[in-house]
Structure formats: structure tokens, C-alpha cells
Amino acid sequence: MLDPKLLRSDPAAVAANLARRGFKLDVERLSALEESRKKWQMRVDELRNERNLHAKTVGKAKAQGQDIAPLLQQVESLGADLSKVESELAGVQSALDELLLGLPNMLHESVPEGHDESANAEIRRWGEPRKFDFKPRDHVELGEKLGQMDFAAAGKISGARFSVLSGPLARLQRALIQFMLDLHTGEHGYRELYVPYLVNAQSLTGTGQLPKFEADLFAVKGESELYLIPTAEVPVTNLVRDTIVEADKLPLRYVAHTPCFRSEAGSYGKDTRGMIRQHQFEKVELVHLARPQDSYAEHELLTRNAEEVLKRLNLPYRAVALCGGDIGFGSAKTYDLEVWLPGQQAYREISSCSNFEAFQARRMQARWRNPDTGKPEPLHTLNGSGIAAGRALVAVLENYQQADGSISVPEALRGYMGGLESITAA
RNA sequence: GGAAGAGUGGCCGAGUGGUUUAAGGCACCAGUCUUGAAAACUGGCGAGGGGGCAACCCCUCCGUGAGUUCGAAUCUCACCUCUUCCGCCA
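Reading the values: rules and limits
Here, residues in each chain are numbered from 1, in the same order as that chain's written sequence. Chains and ligands are labelled sequentially in the order written, the chains with letters from A and the ligands with numbers from 1. Where totals are concerned, whole chains, interfaces and linings use all residues; where local detail is concerned, this predicted model gives features only for residues with pLDDT of at least 70, and gives and counts side-chain atom pairs only at 80 or more. The basis for the side-chain values is all heavy atoms of the structure; hydrogens and waters are excluded. Nonpolar cores are built from buried Ala, Val, Leu, Ile, Met, Phe, Trp, Tyr and Cys residues. Side-chain atoms within 4.5 Å join them into one set. Partly exposed residues are those whose accessible area sits between 20% and 50% of the maximum for their type, while under 20% is buried and over 50% is exposed, using a 1.4 Å probe and protein chains only. In this text, helices come from DSSP runs of H or I with a minimum length of four residues, and strands from runs of E with a minimum of two, each type numbered from the N-terminal end. In this analysis, two residues are considered to be in contact whenever any of their non-hydrogen atoms come within 4.5 Å of each other. Any two strands are treated as partners once DSSP identifies two or more bridges connecting them. Whenever a helix is involved, its axis is fitted only over the stretch in contact; in every case the axis is a line through C-alpha atoms, and angles between N-to-C directions fall within 0 to 180 degrees. The pairing test for Phe, Tyr and Trp rings, Trp by its six-membered ring, is centres within 6.5 Å, and the orientation test on the planes gives stacked under 30 degrees, edge-to-face over 60, and tilted for anything in between. Only heavy atoms are used to decide nearness, and a residue is near a molecule or strand if one of them lies within 4 Å of it. Between N or O atoms, a polar contact is any pair within 3.5 Å; within protein, one atom must be a potential hydrogen donor and the other a potential acceptor, and residues adjacent in sequence are included only when both atoms are from side chains. Each residue is assigned to one of three groups, with Ala, Val, Leu, Ile, Met, Phe, Trp, Tyr, Cys and Pro labelled nonpolar, Asp, Glu, Lys and Arg labelled charged, and all others, Gly among them, labelled polar.

Q: Explain the nonpolar core here, please?
A: Within soluble globular proteins, side chains that are nonpolar generally end up buried alongside one another. In terms of nonpolar packing, the biggest core is built from 50 residues, with Leu-172 and Met-180 touching the most fellow members. Looking at this core element by element, the count peaks at nine residues for helix α8 (residues 167-186). Those residues in contact with Leu-172 that lie beyond four places of it in its chain are Leu-393, Val-396, Leu-397, Leu-413, Met-417 and Ile-423. Ala-15, Leu-33, Leu-89 and Phe-359 belong to the second largest nonpolar core, which has 22 residues in total.

Next up, the structure:
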């Protein structure tokens, strides 16, 4: 949610910023609703005040043993009047809330201008794409040839966009996850978390998936209204929902491995082959909760920590700053990490690191106590994949493939693979 | 799944229809005292919305939502969460 004070005081500036992402803010509708809200609010306050004053008078009269019947007569119609204006206010308020919850975050000034991913700005590039003396295969061909990646079986069990891994390949994914968790907890100072995979609607509203993106989520059938998490960002960030964090506790840096579930509605025809875009995938997520003045330094740090995973795995990648037209709904600034995939001859997203500033914090009432003002103020939330394990598996397969279709195990993972150096058909 | 109990400010906790303007304590902040600190004492100390040039004033918030009432932290209903006991269970 945007700062309501800014929205009221300078809607034109907000509209200009949101226009950079191609979002048209209806300033007239907004200010009309706001004016109407104010009008009804004042009317409601007035009537309530009247009611309260009257109730006190009645209380006093009764205490003194006076007859209160004439007093009660005086306010006969007040209750009806009040509930009428209260429902007017509630109507305006819910329309306003709906509008506010649908507004994307404002962009940081450093976000590149542009309409789509072609305008994203490359920030840096690391590693040299390997030269193959044979035609590199893609991960599907490699995995199926090894007999350890089965999309047909997954299709039978669940449907499209799922996969079954077996043997060393299944272990390789687990090794990647373990390696990442150990790196972030052991060397980068993160606290590891285990969190629920099913969350309520309030949590998803807090991080911004609801109400606008319900179609991207899986909901479970049953009495309680629960959703499968699309990312660990949801349960982890919501840890600070409705809390006030003491200043000396910040920054908080959390890492969690979870499966992620996405309906991928609207992505029909995109990445239908292989493990790139699945309904279920594994991810190690980094979440930072920071003081506002530190959040951009934290953003750089978080991104570097994610990059370190790729460096240790010796996977060539580049970092890009997403432009206004490509950036996510709640983010003020996002770096994507794109790993080189020889099978596609392209850099593909493997991590997305975003600073949400106070956008999520306002939605979820996550605050810190600012020692300068002594007041609770919204803190800043950040998150990034550190990194997506499913796609990391794809990257390892394609980058570490040998001419005979075997996969050499990256040095960093061998300890997690029982010393295995090469994955061969089994 | 069954039974009983509970949910109050940053934290603990009193409050069972009307001077509640939510007692008291802890923590925190400022001051007095002190070489300094601690202790003691004095004062301050929740969040959000609105009005006013201002001093200041008004509204809302006691798990959530509905209801009863002139008036609800307090009564009623539903739901959520927690605790204890029983049952079942990885």
C-alpha cells in the first residue's frame, strides 16, 4: 500500500511515478472517494459524539434517581440516523480500500524507464559461457536420457507442469538446497526458518498477492480458506505482521527453503518444456527486514548473497535491473539474476531480488520503533531467491553436461552428494 | 473429535451495563539527588482517523465479526487463537 498521506497531499506526483510502470492512477476517482470518505467520517463522528454525550447524561440522571424517560425520547431517531451514515461511510471506505489495495508500489528513482524486459538494464555479468565441442543438450534431454527425470510419470500423477526426479538427480536438487542453506546461514549470517506451506488470505494480502493476483494461487479445498504458498516470502515476511520491532533488532535476515506452488495462469504456451516453469518447485528464499535508511544497502547485500550461490557453483550469470514496465506489483526496485543456459543459448531468470520499501509493511502493519521520533513507523521489507533450486538444477545439468550425456557434479556440491563426481545413466 | 477455561496497551495484569478519561506494575524517556552509575523520588509514556491559526477538541480501537441497549471491555450469538484434560495419531 502506498503512503496515504502522500496520496492525499500530492496525487499528481504519485500518478507520474506510477505512469512509469504503465499504470494509470485515476486521480479524480481517488480524490472524489477521499472527499466523500471525509464527509461521511465527519458526519459519523458528529453523531457518535452526540450519542456519547447523551448516554453520559442519561447515566448521571439515572444515578441520581431521576426519571430518564424524557431523555430517552430526545434521542429516539439518533440511532437510525447514525446507522444510516455509518453504512454510507462503510460503503465509501470499502471502495477506497479496494482502490488502494490495487495500487502498485512507487518506483525507486534508479529504476530504468521502459515498457518490457527489453528495456531492463544489465548491471554486471559474471563468468564466461562455456564453449562446447559438441552440441549442448537441454536439461530435458539430459535428464530423460539419464533416466532420472520423468515428465510423463508426473503427468499421469498430477498433470502438466510437474516433474518426477529420481536417484542422483533427486539428490542433486536436495544437495543444491542444502548447499544454499549452509552458505547463507554459515557465511552470510542468515537465520534459518521452517515455515507453513499453507497460509491464510490475510498473509497473502500483506505481501501483496491478494486481492489482485488470486488467479496465480492454488487454494485448498476444505472448511478453512487456505492457499499454497507461491513463495516463502509470504510466510516469512508475515512473521512481522502486526508487530513492532525494536530498532536494535534490525536488520533481520532470514533464509528458508520451501516448495512453491503457482498456478501459472496466463502463462499458457510459455516455457512448456521441462522444469523452467512448474506448478511446484523448490526455492531457497532470503528475506530482509530493515530500517528504511538501510534498505537499499540491504538490497545490494541480499543480491550479492544470492549471486554468491551462482559463483560457488561456477555458473555464468548476469544481473539486470528491471525496468518500470517489467517490475513486480509491490516492488520499488528489482534485480533479476539470469543464469546462462547452454540448452537455450540464453540467460534465464533464476533469482529476483526486490526492495518493497514500506509497501508490504503498510499492508501488514509491520513496524519498527524509530528512536529519532520515538514512534512506530513502517519498516522496509526485501526478499530475493537465493536461489530457485529447480532452475539451479536445470542450470547445473546444462552447464556441467559432458559429450556422453553424463553430468559432472560441481565441486561445491560433492560433499552433499556422498563424494559423487559424475552422474551417469543408472 | 469431545469437555472445560482463557484472550485487555511494548510486556504483565485489574476491571461482570453508566465519572473507565481502562487501575496497578514492569520496561522505556526526562528531571531531582550523585564525581559517575545504581537506588529512591517527581513527571511523562498506546495506535489510527478527523477538526482548528493555535491552546485544544472530537471519533475509533479491550481476539475477530454480528447483535441487544439511550449507553458494552463488561450481556447474547458465531468464528479465530491459546491453555488444560480425554480420545485419536506421524
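Further notes follow.
Q: Explain the sheet that holds strand β1 (residues 121-126) here, please?
A: Within a sheet, each strand pairs with its neighbour through backbone hydrogen bonds, oriented either parallel or antiparallel. What the eight strands build is an open sheet, ordered β1-β10-β11-β12-β15-β9-β8-β4; its pairing is mixed. The open sheet has two edge strands, β1 and β4 (191-193), and neither has a second partner. Here the strands of the sheet are splayed against their neighbours by 25° on average, with no regard to which way each runs. Of the pairings in the sheet, the one linking strand β10 (residues 317-321) to strand β11 (residues 333-341) comprises five bridges and is antiparallel in character. Within the sheet, the bridge partner assigned to Arg-318 lies in β11 and is Glu-338. Relative to the sheet, helix α11 (residues 295-312) contacts β1, β8 (252-261), β9 (280-290), β10, β11, β12 (346-355) and β15 (380-388), its axis offset from that of β15 by approximately 5°. Sheet strands in contact with helix α13 (residues 389-399) are β9, β11, β12 and β15, and its direction is about 35° off that of β15.

Q: What is the right way to look at the packing of aromatic side chains in this model?
A: Between two aromatic rings, the relevant description is the distance of the centres plus the angle of the planes. Inspection of every chain in the model, using the stated rule, returns seven aromatic pairs. With 6.5 Å between their ring centres and 70° between their planes, Phe-179 and Tyr-416 make a pair best called edge-to-face. Of this pair, Phe-179 sits in helix α8 while Tyr-416 sits in the loop between α14 (411-414) and β17 (422-423), and the two are 237 residues apart along the sequence. Measuring from ring centre to ring centre gives 6.0 Å for Tyr-194 and Tyr-197, while their planes differ by 65°; the resulting arrangement is edge-to-face. Three or more aromatic residues joined by ring pairs make a cluster, and in this case those are Phe-213, Phe-329 and Phe-359.

Q: Mind showing me how you'd approach the protein's contact with RNA strand B here?
A: With respect to spatial proximity, 17 residues lie near RNA strand B, and among them Arg-8, Lys-38, Asp-45, Arg-51 and Ala-55 are the closest. In RNA strand B, the atoms that sit within 4 Å of the protein are 75% sugar and phosphate, with bases accounting for the remainder. Between RNA strand B and Arg-48, the relevant distance is 3.2 Å, taken from a sugar or linking oxygen to a side-chain nitrogen or oxygen of the residue. Per element, the largest residue contribution to the surface near RNA strand B is twelve residues, and it comes from helix α3 (residues 27-63). Taken together, the residues of the surface near RNA strand B sort by class into five nonpolar, three polar and nine charged.

Q: Sorry if this is basic, but what is going on with the sheet that holds strand β14 (residues 376-378) here?
A: With respect to topology, three strands assemble into an open sheet ordered β7-β13-β14, the strand pairing being mixed. Lying at the two open borders of the sheet, with one neighbouring strand each, are β7 (243-245) and β14. The mean angle between the axes of side-by-side strands here comes to 40°, regardless of whether they run parallel or antiparallel. Relative to β14, strand β13 (residues 366-369) is paired through three bridges, and the arrangement is antiparallel.

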